[in-house]
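A closer look at the structure
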Amino acid sequence: MRYKKLAELYQELKSTTKRLEKIKILSKFLEYLHKEDRDVMYLLLGDIYPEYDERRIGISHQLAIKSISKATGIELKQVVKEWKSLGDLGRVAEKLTLNKKQSTLHNYILTTEKVLENLRKLPELEGKGTVNKKLALITELLTSASPIEALYLVRTLIGDLRIGVKESTIRESMSKAFFDGDKEASKKIQGTIDKSNDLAAVFDVVKKGKLKELKKISLEVGKPIKAMLAQKAKDFKDGFKKLGKPCAVEYKYDGFRLIIHKKNKNILLFTRCLENVTKQFPEVVGYIQKYVQGKSFILDSEAVGFDRKTKEYKPFQEISQRIRRKYNIEKLQKELPIEINVFDIIYYNGKSQLNEPFKKRTALIKKIIKNNPYKIICAKQIIIGNEERAKEFYKKALKENQEGVMMKNLEAIYKPGSRVGHMLKIKPEERDLDLVITGAEYGTGKRKGWLSSFVLSCKDKNKFLEIGKVGTGIKEKSGQGITFDELTKKLIPLITKEKGKTVYIKPKIVVAVIYQEIQKSPNYASGFALRFPRFTALRPDKSLRDINTLDEIKEDFKKQKRNYRYG
Ligand code: ATP
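The shown structure was predicted, so the numbers you read here are calculated from the model rather than taken from an experiment.

The next point concerns helix α5 (residues 76-86). Listed in full, the buried residues belonging to α5 are Val79, Glu82 and Trp83. Axial view of α5: buried residues confined to an arc of 105°, hence all on one face. In this structure, α5 carries Lys77, Lys81, Lys84 and Ser85 as exposed residues pointing more than 90 degrees from its buried face. Directly after α5, the chain includes Gly87, whose backbone phi takes a positive value near 70°.

See the structure below:
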């Protein structure tokens, strides 16, 4: 398919902010999309592979600038100047390509196959001469691009397509194109997306127009799957009302989610962002081999840190560095040991467990796991219908430094990727949030040269809305916790615009903050401001999809007046 056709589709999608309009445009496109062009589905989200695949384009603004300069024959300095004035590299590429086009003709017609071919070579490159090879691959594409193609190529390269299309837009467009927008069809399509995390594979099936065919896409051990998420319960009364009695009450461990796959001898560990972290946790691989029975399975668990000497559990932020750290793993493993708490099973010995009731799944994990405290255990659980006893269990969980409890309906199925009403969390205070950094300010005095005040945003549909600034909780000297220097280094490559001391940052770095109160505020786009926010941790295990929404913040704002707390 000609890349121009795709670029024109992007343009059309960008021309409207209305969701229904976008779905109409995209569904028409999907109707006519050929089987052979299925991989275009990835490009619609700015990706080159399915979501479960970790290979990403990963091109810095700097490299994109260099290739624009090379492809258009315009000096680097001039390209940077244009960038400063237009504030958008895509537009720069479009403008400079247009100027060039007046004097030369491009080499050949760009196709989506060629674009994918070159872009897919980028993550494979390693070692000496990588930068130049990458530059050559991108420049080859840009040299053949028309202005509109250059615009979207560059936006794809830097991971900022700006067409307002999300996975849900694609789901609805598929439903509209092949099932007349039927609600049930949308649900089933979403279920299949969550199971496979592969839009092209889902497209192959929906294109046939038969819902039954969707069943053919099933779980595969080794392919990461999206975790099921919980809603909140106000208290046990509320929880039992929603779930019925009795239900399972479990510790809500204060760690990070780890989904464990085993197929014969092969063991893989994934975070909830579908990131493969097997190499970072060699001891967990050992625990699985030793203490869990079964040829093949997928387990859902929470990894929690503990103090090797006192055996006390530690809060998440103290072990979060283990998720990303790729060197000195053995040392870190000794310093920051973790315990795996298994609370669900999704697949067992060749059979999906998704549609089995929770009581059967939880019984199965108890059967196959040999409990070994401080290595791997089944999550602490009681099955109960009594509020008082549930509260006692909750207090015990808090005493052991855990976050609270989860309440789970015994009959419920496992729904990957959904925030379900049959699994509820209860925590003492609703006063922590996951937000994304969207801006910052350079510091002065002691903090000169660092970014020192960070703008935080929540999300509201397609938008990120500012809700406050945080500087507290970040350290000047290294030791415990993150430093200004470390955070600045992470954020610099994500700067999209600078104005005096203020910088705008591409939303990517998710952070956890605690705060004393939420207030209404006209100063921020969200309409709210956090009072006394304090940074607690980077959340490399969370993606933009996981950050708090404006609706949740409104809810917390309402609830803070009724502050419910146990014990
Ligand atoms: P929070 O920030 O409150 O942890 P979240 O957005 O990370 O919320 P939720 O779905 O709201 O995720 O809460 C469930 C999370 O709690 C799971 O993602 C998991 O990481 C963790 N967890 C700890 N113990 C359990 C358990 N026994 N059962 C299910 N999830 C658990």
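Not every one of the 17 residues close to the ligand is listed here, only the nearest: Lys252, Glu302, Lys425, Lys427 and Lys542. A distance of 2.4 Å separates an oxygen atom of the ligand from a polar atom in the side chain of Glu302. The side chain of Lys427 places a nitrogen or oxygen atom 2.6 Å from an oxygen atom of the ligand. Bound to the protein, the ligand loses 92% of the 600 Å² it would expose on its own. When residues of the shell around the ligand are traced back to their parent elements, those giving at least two are β1 (229-232), β2 (247-252), β10 (404-408) and β11 (419-426). With 3 residues, β2 is the single largest residue contributor to the shell around the ligand. For the shell around the ligand, the per-class residue count stands at 6 nonpolar, no polar and 11 charged.

With that settled, consider the environment of Ile547. Relative to the elements of secondary structure, Ile547 occurs in the loop between β20 (534-538) and α20 (550-559). Ile547 gets classed as buried once you look at its relative accessible area, which sits at 3%. Taking C-alpha positions, Ile547 is 16 Å from Ile505, a pair spaced 42 residues apart along the chain. Setting aside residues no more than four positions away along its own chain, Ile547 makes contact with Asp434, Leu435, Val436, Ser457, Cys458, Lys459, Phe464, Val510 and Glu552.

Basis of the calculations
Sequence order as written defines the numbering, with residues in each chain counted from 1. In view of the model being predicted, local features appear only for residues whose pLDDT reaches at least 70, and side-chain atom pairs are presented and counted only at 80 or more, with totals across whole chains, interfaces and linings using the full set of residues. Hydrogens and waters are ignored; side-chain quantities use all the structure's heavy atoms. In this scheme, a residue with accessible area under 20% of its type's maximum is buried, one over 50% is exposed, and one in between is partly exposed, where area comes from a 1.4 Å probe on protein chains only. A run of H or I in DSSP counts as a helix once it spans at least four residues, and a run of E counts as a strand once it spans at least two, with each numbered from the N terminus. Working note: the arc is built from the helix axis to C-beta atom directions. Working definition: residue near molecule or strand if any one of its non-hydrogen atoms lies within 4 Å of it. Counting of polar contacts relies on pairs of N or O atoms within 3.5 Å, with two restrictions inside protein: one atom must be capable of donating a hydrogen and the other of accepting it, and residues adjacent in sequence are counted only when both atoms are side-chain atoms. All accessible-area figures derive from a Shrake-Rupley calculation using a 1.4 Å probe, and residue coverage is judged against the displayed protein chains alone. Under the grouping applied here, Gly and all other residues not named as nonpolar or charged are polar, the nonpolar ones being Ala, Val, Leu, Ile, Met, Phe, Trp, Tyr, Cys and Pro and the charged ones Asp, Glu, Lys and Arg. Contacts: residue pairs with any heavy atoms within 4.5 Å of one another.

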